[in-house]
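Each chain is listed here by its residues.
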Amino acid sequence: MYLSKILRPPGTLASRLTLWYAGIFTISALVAFGAFYLVISTVISKNTDQDLMADVQEYSSMLAAEGIDKVKAEMAWEALSDGQEHIFLRLLSMDGKELAATDMSAWKSIGTGSRALEKLRRGADYVLETLDLPEQEFKARTVYGSIGPNLVLQIGESLEEDAEFLELHRTVFIPLMAVMVIIAAIVGWLMARRALSGVEEVTKTAIEISKGALDKRVPFKARGDEIERLATTFNYMLDRINVLIKGMREMSDNIAHDLRSPLARIRGVAEMALTTSATEEEHKAMAGSMLEECDRLLGMINAMLDIAEAESVAGEVKLEEVDLVSLIQRACELFQAIAEENEVKVTARLPESCVVYGEARKFQRMVANLLDNALKFTPPEGTVTVSLKADNGQVVISVIDTGIGISEDDLPHIFKRFYRCDNSRAQQGTGLGLSLVKAIAGSLGGSVNATSHLGKGSTFTVTLPELPLSHQFQPSS
Ligand code: ADP
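Residues numbered from 1 in each chain as written. Predicted model: local features only at pLDDT ≥ 70, side-chain atom pairs only at ≥ 80, totals over all residues. Heavy atoms only, no water.

A. View of the overall build of the chain. When helices and strands are counted, the chain shows ten helices and 14 strands. Taken over the C-alpha trace, the chain has a radius of gyration of 52 Å; the compact-globule value for 477 residues is 23 Å, which it surpasses by more than 25%. Overall size of the chain, expressed as C-alpha extent along the three principal axes, is 155 × 60 × 40 Å. Within the chain, buried positions represent 36% of all 477 residues. For the chain, the computed accessible surface area is about 28,500 Å², with 59% contributed by carbon and sulfur atoms. Distance between charge centroids for the chain: 4 Å, based on 48 positive and 65 negative side chains. (Helix = DSSP H or I, 4+ residues; strand = E, 2+ residues; numbered from the N terminus. Rg over C-alpha atoms; globule rule 2.2 N^0.38 Å. Buried < 20%, exposed > 50% of the residue type's maximum accessible area, 1.4 Å probe, protein only. Areas by Shrake-Rupley, 256 points an atom, 1.4 Å probe, with all protein chains shown as cover. Lys, Arg positive; Asp, Glu negative; His and termini not counted. Charge placed at Lys NZ, Arg CZ, Asp CG, Glu CD.)

B. Region of interest: the site of the ligand. Taken together, 20 residues lie near the ligand, and N373, D401, S424, T430 and L434 sit nearest. R420 places a polar side-chain atom, nitrogen or oxygen, 3.1 Å from an oxygen atom of the ligand. The separation between an oxygen atom of the ligand and a polar main-chain atom of G433 is 3.2 Å. Isolated, the ligand exposes 520 Å² of accessible area, and the fraction of that covered by the protein chains is 98%. The cavity that encloses the ligand is the second largest pocket. Elements with a minimum of two residues in the shell around the ligand: α9 (360-376), α10 (433-443) and β13 (457-465). A total of three residues in the shell around the ligand trace back to one element, the largest contributor, which is α9. For the shell around the ligand, the per-class residue count stands at nine nonpolar, eight polar and three charged. (Near = heavy atom within 4 Å. Polar contact = N/O pair within 3.5 Å; in protein donor to acceptor, adjacent residues only side chain to side chain. 1 Å grid on protein atoms, 1.4 Å probe; cavity = no way out; pocket = protein on both sides within 12 Å on 5 of 7 lines; lining within 4 Å. Sits in = over half its atoms within 2 Å of the grid points. Nonpolar A, V, L, I, M, F, W, Y, C, P; charged D, E, K, R; others polar.)

C. Local environment of the confidence of the model for the chain. The share of residues in the chain with pLDDT of 70 or more is 94%, and the mean pLDDT across the chain is 86. Ranking the helices and strands of the chain by mean pLDDT puts strand β8 (residues 345-349) first, with 96, and strand β14 (residues 470-473) last, with 41. Across residues 468-477, where pLDDT falls below 50, the model places 32 contacts with residues more than four positions away in sequence or in other chains. (pLDDT = per-residue confidence, 0-100. Contact = heavy atoms within 4.5 Å.)

D. Inspection of empty space enclosed by the protein at higher detail. Taken as a whole and assessed by the stated rule, the structure comprises three cavities of 30 Å³ or more. A volume near 80 Å³ is recorded for the largest cavity. D306, E309, A310, R361, K362, R365, L436 and I440 together form the lining of the largest cavity. Residue assignment for the lining of the largest cavity shows that the elements contributing at least two residues are α7 (280-311), α9 and α10. Its residues assigned to classes, the lining of the largest cavity comprises three nonpolar, no polar and five charged. (Points joined across faces, edges and corners; volume = space filled by probe spheres on them.)

E. Main features of helix α4 (residues 114-121). Among the residues making up α4, those that are buried are A116, L117 and L120. The buried residues of α4 occupy an angular sector of 100 degrees when projected down its axis, which confines them to one face. Exposed residues pointing more than 90 degrees away from the buried face of α4 are listed as S114 and R115. Considering only its buried residues, α4 is in contact with β1 (87-92), β3 (126-131), β4 (140-148) and β5 (151-158). Downstream of α4 by a residue or two, G123 has a phi angle that is positive, lying close to 115 degrees. (Arc of directions from axis to C-beta.)

F. Region of the structure containing the layout of surface pockets. The computed volume of the largest pocket comes to approximately 1,200 Å³. Contributing to the lining of the largest pocket are 38 residues, with G247, M251, F415, K416 and R417 lying nearest its centre. Sorting the residues of the lining of the largest pocket by element identifies α6 (226-275), α7, α10 and β12 (447-453) as the ones contributing at least two each. For the lining of the largest pocket, the leading source of residues is α6, giving 14 residues. Looking at side-chain class alone, the lining of the largest pocket contains 13 nonpolar, 13 polar and twelve charged residues. Considering only enclosed or pocket space, the second largest pocket measures out at about 920 Å³ in volume. In terms of lining, the second largest pocket is formed by 35 residues, of which the most central are D372, N373, K376, G429 and G433. Counting residues per element, the ones that place at least two in the lining of the second largest pocket are α7, α9, α10 and β13. Broken down by class, the residue content of the lining of the second largest pocket amounts to 14 nonpolar, 13 polar and eight charged.

G. Summary view of the environment of Y144. Tracing the backbone through its elements, the reader meets Y144 in strand β4. Residues Y144 and G156, twelve residues apart in the sequence, show an inter-C-alpha distance of 8.9 Å.

H. Seen up close, the sheet that holds β8. As summarised here, the arrangement of the five strands in space is β8-β10-β11-β13-β12, forming an open sheet in which the pairing is mixed. Single-partner strands in this sheet number two, and they are β8 and β12. Within this sheet the neighbouring strands show an average axis-to-axis angle of 15 degrees, counted without direction. Here five bridges tie β8 to strand β10 (residues 383-391), and the two strands are oriented parallel to one another. Considered in β10, the bridge of T347 is made with T385. Packed onto the sheet, helix α8 (residues 324-342) meets β8, β10 and β11 (394-401) and runs at close to 175 degrees relative to β10. (Pairing = 2+ DSSP bridges. Axes fitted to C-alpha atoms, helices over the stretch in contact; angles between N-to-C directions.)

I. Structural context of a negative patch on the surface. Negative charge collects at one region of the surface, where D82, E137, E161 and E164 lie side by side. Structurally, E137 is set in the loop between β3 and β4. (Patch = residues over 30% accessible without salt bridge, like charges linked within 9 Å, V, L, I, M, F, W, Y side chains within 5 Å. Salt bridge = Lys/Arg side-chain N within 4 Å of Asp/Glu carboxyl O.)

J. Representation of the packing of aromatic side chains within the structure. Enumeration over the complete set of coordinates arrives at four aromatic pairs. Ring geometry for F33 versus Y37: centroids 5.7 Å apart, planes at 40 degrees, classification tilted. Of the two residues, F33 and Y37 both sit in helix α2 (residues 13-66), four residues apart, roughly one turn of that helix. Here F33 falls in the buried class, since its relative accessible area comes to 13%. The interplanar angle of 15 degrees and the centroid separation of 4.1 Å between the aromatic rings of F33 and F173 together place this pair among those described as stacked. Of this pair, F33 sits in helix α2 while F173 is found in helix α5 (residues 160-210), placing the two residues 140 residues apart along the sequence. One aromatic cluster in this structure is built from F33, Y37 and F173. (Phe/Tyr/Trp six-rings, centres within 6.5 Å; stacked < 30°, edge-to-face > 60°.)

Structure below.
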């Protein structure tokens, strides 16, 4: 809980990313500087130690070759040339007695190093110590080394130069790092802003849409990144919602329009029945016409409910065996009376048998709607043929007529709710029959399509998969 608060400080995503970026950069730079500083200081102190030990070695060789006086003279010269406040050289006996020394006034508090001498007595070649002397501003490093029998040379030097070198590194690096952290924070902020600008645009568009600007879209920048994909998906979703809203608006307009006329007619007849003095016969006729209008209204409402039900079918549907051959034969028989009245010949081209799994009621409604339309829109002397084929795992039901046909302009719209072609207005209808066929075909996992030639006839084809005993359906779109 506490850790997650630290990892997610309050503020915008851009400021959080900037903090993270600058934080990680600072930590990395500190670690890099720390490691660099450690390596440099180790190398410097190693070099100092090696110089000191090489010095002792030199004096040891000098003593062997040129004697003690030369050693003393060289010690004095070295202390003078390097500065007596920076370096001292001292000759000691193994038990700590001072035998000779350069000017020790800047090194007053230095002891004889009894512990170092003890180590030398035990056989160590060199003993190195770091000294913190009150009279010296900087720390000092000293070496003890045996250069002859019972003769120890001690050299001590101030670490001022080393300290200055390291101080220089610190004074250069710290401001440099501060500048780099500021630059990193600015760059991080700019990068985060740039990366998140797309999200901001999506948010802005969403706010405008929520205020009612339904036509607003996120501007397209062709950046090819995740944000662009988000924007494209968002725009696509808005398009879909717009289409749905438009569809719903159109549908409610159509419903209002189509319900208004029968209701107005019912009202008119009822008014007439109340206001005019009519005979019983006339009253009966008026009641009959009101019943007819009511039936029309009920038919329309039932068709809409059926479409809604077919479109919302989702999940497990229990199917039964349906003998399509006898189902189509029965439908043709039922429509025979109307066909004879219209002087239209109905024929069925059916295979010997075709049993599929499905819902018989749905098949009946599809065939009945298509036959009803074909008979309605086929003039006398015409023919209506119902054919059934089953192959390649598909069932194809076609209803072919030689009727008035549908124009190219109307054809793409006939499956929309309430759509009726102008040339068919003389016939009764609700404009919902084909929508129901489409919704049912979709609910059975199939489709319906139409081809037509104006004045020559139309063919409606329902294609359905031959279904297994139980099948998972998705609602049709
Ligand atoms: P309706 O109740 O008007 O028949 P449908 O949804 O069944 O409604 O049909 C929509 C429209 O498509 C019809 O009004 C008609 O204009 C046209 N249509 C449908 N079937 C045929 C057909 N077989 N021949 C010519 N036009 C047709």
